[in-house]
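# Tertiary structure, described
Listed below are the residues making up each chain.
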Amino acid sequence: MKRTISLLVLCAVLLTMFTACSQTSSPSGSNPESSTQTSVNSGSDSSSSELASSDSTTAEPGEVVKMTYVIPGDAPPEYERGIQTINDKLAEDGVGIEVEFQYYSWDVWDQKLNIMLSTGEKFDAFHVMNDQVTLTSYASRGALADITDEMAEYGQNIVANVPELAMNNCQVDGKQYGIPAFWVETALNEQATIRKDLLDQCGLDMPTTFEELTNAFITVMENWEGNQRPYFPSVAVNERLPYFFSSSDDFCVYNSVVYVNQDGTIANYYETDAFKEAAQNAKTWYEAGLINPDILTYTQDQLTNQLNLGEWFVLNGTVGNVSSIQENIPDFEPTDIVWLDLTDGAQQIRPYAVKNLQAVPLASEHPEAAVKFFNWAYASQENYDLFMNCLLWVPQWGCRCVFVLNRLKFCW
């Protein structure tokens, strides 16, 4: 009877884990990413290695347009100082816009954005995450402005620094609806990190197989002295769980069901060997007491608290900042967290041409302002650094990159 119940629970987990992107700290981003959102540092594949500059963003003297950019997450501590510095530089460069950022916390982001779009609230750009709500979904409901002409007139720097594939992936029916953020090697679906300090405390070697990881986790659990059990940190709706519990990363799953392999094979995911393997591995962990028995009701806030306290051993994601852990574990160091890769060099697939991007709502009164702003950020390393250093910081868990230039590897 106990085995039957545990199997039913695990099936429910695996059937629901694709419905949303896991966000281990409300982002990145983030994942949140968000999600357990992951701090991945990876550059663009664009062949252009130099940042282009353009005079196309220059406005007539005295013409200044207010541009509002809506972003998920919380405003950084230095927002006021940062936004003033950016606006001073925009004025110095004669771009003709003044920008403000509006932040909405991750727990209300989807609801707030949908209300703003459906009621025609006036703003000029917002962040899109294709792994949560796709650009085509927004476009299909008539929520987006066609920025094809604006990109042609004001987007030269963007086009020069973003691969054509990424630009095309932000089009619907040949119309440009998004400004890509070509920022991450999305083939790394199995992103995972492990607590080396806990391995050392238990006298364990770095695991090289899933079986070794399982045995190490059991040992850590048996010797745990923390306040909370270090269950595998996850909520039930986690799109990366199948990849974590699978030995192969040569596939991706779309719309919770459609399995697409590297060789072009298309199938019902729940009929594949990959699903059977993931279900069996998850079942093994659940029966071993490594997965929270209340995972189906485990909330994002509970997960964030678990991560911030450092009450975990292995994480299906990466860590961007350890300051919160250090508040609970004073001698904790960034080097105590290391990358875990059990794929042994297995072939991987890129599930997204563009995962993050910027879009302009249909209600925007100045769609060109958003294009001008992002084009300005792509105009020079100085502008990009100013944007990142003044306004964006690495939150506790994961990242969502606004955009990354060819030689820049910074995410938030």
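Residues numbered from 1 in each chain as written. Predicted model: local features only at pLDDT ≥ 70, side-chain atom pairs only at ≥ 80, totals over all residues. Heavy atoms only, no water.

### Notes on the nonpolar core
Grouped together as the largest cluster of nonpolar side chains are 57 residues, with contacts concentrated most on Met67, Phe101, Phe126, Phe373 and Phe374. Counting residues per element, this core draws most heavily on helix 14 (residues 367-377), at 7 residues. Listed in part, the 37 residues of the second largest apolar core include Ala192, Ala216, Val220 and Phe245. (Core = buried A, V, L, I, M, F, W, Y, C linked by side-chain atoms within 4.5 Å. Buried < 20%, exposed > 50% of the residue type's maximum accessible area, 1.4 Å probe, protein only. Helix = DSSP H or I, 4+ residues; strand = E, 2+ residues; numbered from the N terminus.)

### Notes on the environment of Glu365
As for its position among the elements, Glu365 is in the loop between strand 13 (356-359) and helix 14. Given the relative accessible area of 56%, Glu365 is considered exposed. Counting along the chain gives 243 residues from Glu365 to Lys122, while the straight-line C-alpha distance between them is 7.2 Å. In this structure Glu365 touches Lys122 and Asp124, once residues within four positions along its chain are discounted. (Contact = heavy atoms within 4.5 Å.)

### Overview of the pattern of salt bridges
Two side chains that carry opposite charge are able to pair once their charged atoms sit near each other. One pass over the structure, following the stated rule, counts 5 salt bridges. The partner of Lys66 in a salt bridge is Glu100, and the shortest N-O contact between them spans 3.8 Å. Residue Lys66 is located in strand 1 (residues 65-72), and its partner Glu100 is located in strand 2 (residues 97-104); the two are separated by 34 residues in the primary sequence. Between Lys283 and Glu287 there is a salt bridge, with its nearest N and O atoms 2.9 Å apart. Here Lys283 pairs with Glu287, and both are found in helix 11 (residues 273-287), just 4 residues apart, close to one helical turn. Given a relative accessible area of 39%, Glu287 falls into the partly exposed group. (Salt bridge = Lys/Arg side-chain N within 4 Å of Asp/Glu carboxyl O.)

### Quick notes on the packing of aromatic side chains
Two measures describe an aromatic ring pair: the distance that separates the ring centres and the angle between the ring planes. Scanning the model with the defined rule gives 27 aromatic pairs in all. Ring centres of Phe244 and Phe245 lie 5.1 Å apart, and the angle between their planes is 85°; on these two criteria the pair is classed as edge-to-face. Each member of the pair, Phe244 as well as Phe245, carries the same accessibility label: buried. Note on Phe251 and Tyr259: the rings are 5.2 Å apart at their centroids and 25° apart in plane angle, and the pair reads as stacked. By relative accessible area, Phe251 is classed as buried at 1%. A network of ring pairs unites the aromatic residues Tyr69, Tyr79, Phe101, Tyr103, Phe373, Phe374, Trp376 and Phe387 as a single cluster. Above the plane of the ring of Trp312 lies Arg195, whose end atom (NZ or CZ) is 5.6 Å from the centre. (Phe/Tyr/Trp six-rings, centres within 6.5 Å; stacked < 30°, edge-to-face > 60°. Lys NZ or Arg CZ within 6 Å of the ring centre and 35° of its normal.)

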